[in-house]
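# Chain and residue survey
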Amino acid sequence: MGTLTAQERLAFQDSVRRLLADRSAEADVRRTMETPSGYAAELWAALADIGAVGLIVDPEHGGAGAGPLELEAVMEEVGATLLCSPLLSSGVLAAGLLQTLGDAEANARLLPRIADGSLIATAALTGPKGGWRPKDVAVRASADGAAWRLDGEASFVTHGQIAGLLLVVAEGPDGIGVFEVDPASAGVSITPLPTFDHTLRLARIEFQGAAGRRIGAPGWAPVEAALDLARVALAGEQAGGARRVLEFTVGYAKTRIQFGRAIGSYQAIKHMAADLLLESESATSAARHAAVQLAAGAPDAKAAIELAAFACADAFVKVCADAIQMHGGIAFTWNHPAHLYLRRARADAQLFGAPDFHRERFVAELEAAHG
Amino acid sequence: MADDAALPVTDESLRQEVRAWLAANWPGELHSEADRQGWMAKVVEARWAVPRWPTEWLGRDLSDAQGRIVEREFAAVGAPGTGQDRTNLWANTLLARGTHALKEKLIAPLLRGEVGMCLLYSEPGAGSDLAGIRTRADRKGDHFVVNGQKVWTSYAASADYGMLIARTDWDVPKHRGISFFFLPMKQPGVEVRPLRQITGESQFNEVFITDAICPAENLLGELGEGWGVLQTALAYERSVMGEGARGPRSGVPEGEGEPLVALAREAGVLSDPLIRQEIAKVVGLKRLNALNTARAKADLKQGTSSALMSLGKLAMSRILHEEARVRTLILGAGSLLEGPDFPRAEDANFLTLNAYFTSIGGGTDQIQRNIIGERVLGLPKEPEVDRDIPFREVRTS
């Protein structure tokens, strides 16, 4: 994955910001989140046109050839506007997994269509328990001549119900492998799951002798690498979301009058706002640092990603939760956007590992760094 | 030297000049107090102590970046004495606001480190509300007579002068009746008593001032403008203080790597999942603060002011309290003990108490949150009932 110049990155981030400000406003989010597909096809096409969908895809496969820095920056805008789209599933997780697997034939065949948005792909990574380690995989692959057959269950598959391509992580005779599965093929049964975050789509997928096509070589490492890229993306989304929520909450505290004064003049509110500023700025620092370290292939990239994963997850939830309290009654209503952010924050905090999972792995990195 | 300073100084010529001077003068180390004094005198005389200052006051009129070059060269050989234009609170305040006579008298000795100084700001009745001070300075001919009580004064016993704020006008609102002085400390009207802290240490003193004399030339800024002078001084103080706080004091080494990991390993609880979660939280907070600081510096370099600068102290308070809490968690009942035979307990307990040094000192966390809320987030100020009334009518505890 390459990296744009700082100037190109800012220009790109700005074009994404303007597109989302225009087409992913609160009314758009509310409309889209109630549709079965959970995304707006026109906006998806527009995102593909400006290069956001194929952001990390190599130019030889029709992408922008950008890296973690650009991805993190774009995701800050995505989080700020609660964009409803399969960007994380298709443009990050699936594209990232294909690129780390490095299967030339599969990449040439699949990545161009992922990059231009015409193919929505996702990765089926975990089973019904929803962990993010090899032992949590609950699909088995068995050889059937030159082909593969998949059996078992994948769950919490992001945008599984709208995907045209499934990259299924399964336990095979030679270890964990990734298998390309056509969701429309025999032996694949997809059940949409009702999600607390209405801007997200999740599915449970059962495989009964479904035909799979092996991609790349076996091993967990490519899956972990794709997960790490997705974690950096998610950290960016969380930081961007937290900043936006704090921004509108502080704005409200300046204009809402009670007892003859703006509520933001009361220390009870002001002190919460100051604490949340520390949370959201720390999340921003952590997300950007993780992107920088991952882009540089730094030895401590893993620790930086684990830190960003738990710090940004906790910060986004905390900011959203306290924002509702600071608003008071108005934010207890469905029509106020605060709960949409809290729902998204709670979903983001579970995807690809909850904060305690990342804290544990962060400590393991600390131990490893010093014998 | 004056001729040299008049020439345009390039970064390279400056670097060469500092190097040459250090090569000719720096003895490699200073063995005694006399050595140190001799060295400081040399640095001041050669105009390296305050290179960014005007030539009129022992400086060289260098840019900030060039001042850094000088500092780097001194640091490279381990020589002290330069960079005081950034770090010498006393001399900077005096240069900015002092009378010509006081500058003539004290600037050079201050830069040589020959003058002991202390701060006479806080009072028992004026902590967070510093503008509520009640120490008074009354003009009598060519001097002021000072009466009152100050607190939280470090180094008061050895100080020659104290930077003092005192009330000189009781008929105007509180911020407008304050003046700023260099009060001579070695006189009968100034009594210093050590204050014992919750840690058992005595870093601070109370200072009782009874009919002490302060020459009129020791007034900094105009009469009644002391609050503004104080802001100048506080800005210098914060820029020097911003960088952190004390760690454990037992001095017993804790092993390699992250201290909390080493401590938990030593205590045999590193495999406890709960302890591991708590360690991750604290180390995470520390790393986040370092990342915020790095981002603030990068923002500053690009010329954009940063909200992050003001968050560091609040973050540090939380880190210190949390680290102490987790150390206690790791030690369990071991934290019941103290003394030299139990250095880990000593450290955990000391840090628990000393964390308040940061969360109260230099502006409490609560005042800090007000500042962040108002100056960074733009939230309205709380109404101040004493703001526009004569100070003598202000209610006190």
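Bear in mind the structure is a predicted one, so any value in this text is a computation, not a measurement. (Residues numbered from 1 in each chain as written. Chains lettered and ligands numbered in written order. Predicted model: local features only at pLDDT ≥ 70, side-chain atom pairs only at ≥ 80, totals over all residues. Heavy atoms only, no water.)

What follows covers the state of the cysteines. Tallied over the full model, the rule gives zero disulfides over all chains. Considering cysteine sulfurs only, Cys 320 of chain A is the nearest to Cys 312 of chain A, which forms no disulfide, with 13 Å between them. Looking at Cys 312 of chain A, the relative accessible area reads 0%, which means it is buried. As a non-bridged cysteine, Cys 214 of chain B has Cys 118 of chain B as the owner of its nearest cysteine sulfur, 12 Å distant. (Disulfide = S-S within 2.5 Å. Buried < 20%, exposed > 50% of the residue type's maximum accessible area, 1.4 Å probe, protein only.)

Right, let's talk about the interface of chain B and chain A for a bit. Listed as interface residues are 38 residues of chain B and, on the opposing side, 38 residues of chain A. Note on chain B versus chain A: buried area summed over both sides is about 3300 Å², and carbon and sulfur give 64% of it. Inspection of the region where chain B meets chain A yields seven salt bridges. With its nearest N and O atoms 3.1 Å apart, the salt bridge here joins Glu 279 of chain A to Arg 318 of chain B. Our enumeration of links across chain B and chain A arrives at 18 residue pairs in polar contact (both at pLDDT 80 or more). Of all the secondary structure elements, the ones that give two or more residues to the side of chain B that touches chain A are α9 (259-266), α10 (273-301), α11 (312-331) and α13 (365-376) of chain B. By residue number, the principal contributor to the side of chain B that touches chain A is α10 of chain B, which donates twelve residues. Partitioning the side of chain B that touches chain A into residue classes produces 18 nonpolar, eight polar and twelve charged. (Contact = heavy atoms within 4.5 Å. Buried area = accessible area lost by both parts, 1.4 Å probe. Salt bridge = Lys/Arg side-chain N within 4 Å of Asp/Glu carboxyl O. Polar contact = N/O pair within 3.5 Å; in protein donor to acceptor, adjacent residues only side chain to side chain. Helix = DSSP H or I, 4+ residues; strand = E, 2+ residues; numbered from the N terminus. Nonpolar A, V, L, I, M, F, W, Y, C, P; charged D, E, K, R; others polar.)

The next subject is the side chain of Thr 82 of chain B. All names here are of chain B. When you line up the elements, Thr 82 lands in the loop between α4 (64-77) and α5 (84-87). You can call Thr 82 buried: its relative accessible area is 16%. Discounting residues that sit within four places of it in the chain, Thr 82 has contacts with Val 43, Trp 48, Ala 49, Pro 51, Val 70, Glu 71 and Phe 74.

Following the criterion strictly, the structure yields 16 aromatic pairs over all chains and no others. Consider the rings of Trp 21 of chain B and Phe 74 of chain B, whose centres lie 6.2 Å apart with planes at 20°: the pair is stacked. Taken together, the positions of Trp 21 of chain B in helix α2 (residues 11-25) and Phe 74 of chain B in helix α4 put the pair 53 residues apart, joining distant regions of the chain. Relative accessible area serves as the criterion here: at 15%, Trp 21 of chain B is assigned to the buried category. By relative accessible area, which is 0% here, Phe 74 of chain B ends up buried. Each residue in the set Trp 21, Trp 26, Trp 39, Trp 48 and Phe 74 of chain B is aromatic and connected to the rest through ring pairs, giving one cluster. Arg 343 of chain A extends its terminal NZ or CZ atom over the ring of Phe 196 of chain A, reaching a point 4.6 Å from the ring centre. The side chain of Arg 60 of chain B reaches across the aromatic face of Trp 48 of chain B, ending 3.5 Å from its centre. (Phe/Tyr/Trp six-rings, centres within 6.5 Å; stacked < 30°, edge-to-face > 60°. Lys NZ or Arg CZ within 6 Å of the ring centre and 35° of its normal.)

Before going further, it helps to spend a moment on the pairing of strand β5 (residues 175-181) of chain A. Residues and elements named next belong to chain A. Counted residue by residue, β5 has six buried out of seven residues, so it is predominantly covered. As judged from the seven bridges shared by strand β4 (residues 165-172) and β5, these two strands associate in the antiparallel manner. Its bridge partner lying in β5, Val 168 is registered against Phe 179. Counting the residues in the hairpin turn of β4 and β5 gives two residues. For β5 and strand β7 (residues 202-215), the ladder comprises three bridges, and the chain directions are antiparallel. Paired with Glu 180 across the strands is Arg 213, a residue of β7. (Pairing = 2+ DSSP bridges.)

Before going further, it helps to spend a moment on the domain arrangement of chain A. All names here are of chain A. Assigned domains within chain A: domain 1 (122-221) and domain 2 (223-369). Taking only C-alpha atoms into account, the centre of domain 1 sits 30 Å from that of domain 2. For the pair domain 1 and domain 2, the summed buried area comes to about 1300 Å², and 70% of that belongs to carbon and sulfur atoms. Among the residues of domain 1 in contact with domain 2, Trp 132, Phe 196 and Trp 220 are the three that bury the most area, contributing 44% of the side total. Inspection of the domain 1/domain 2 interface yields zero salt bridges. Run the count over domain 1 and domain 2 and you get seven residue pairs in polar contact (both at pLDDT 80 or more). Here the residues of the side of domain 1 that touches domain 2 sort into eight nonpolar, four polar and two charged. (Domains from an automatic or database assignment.)

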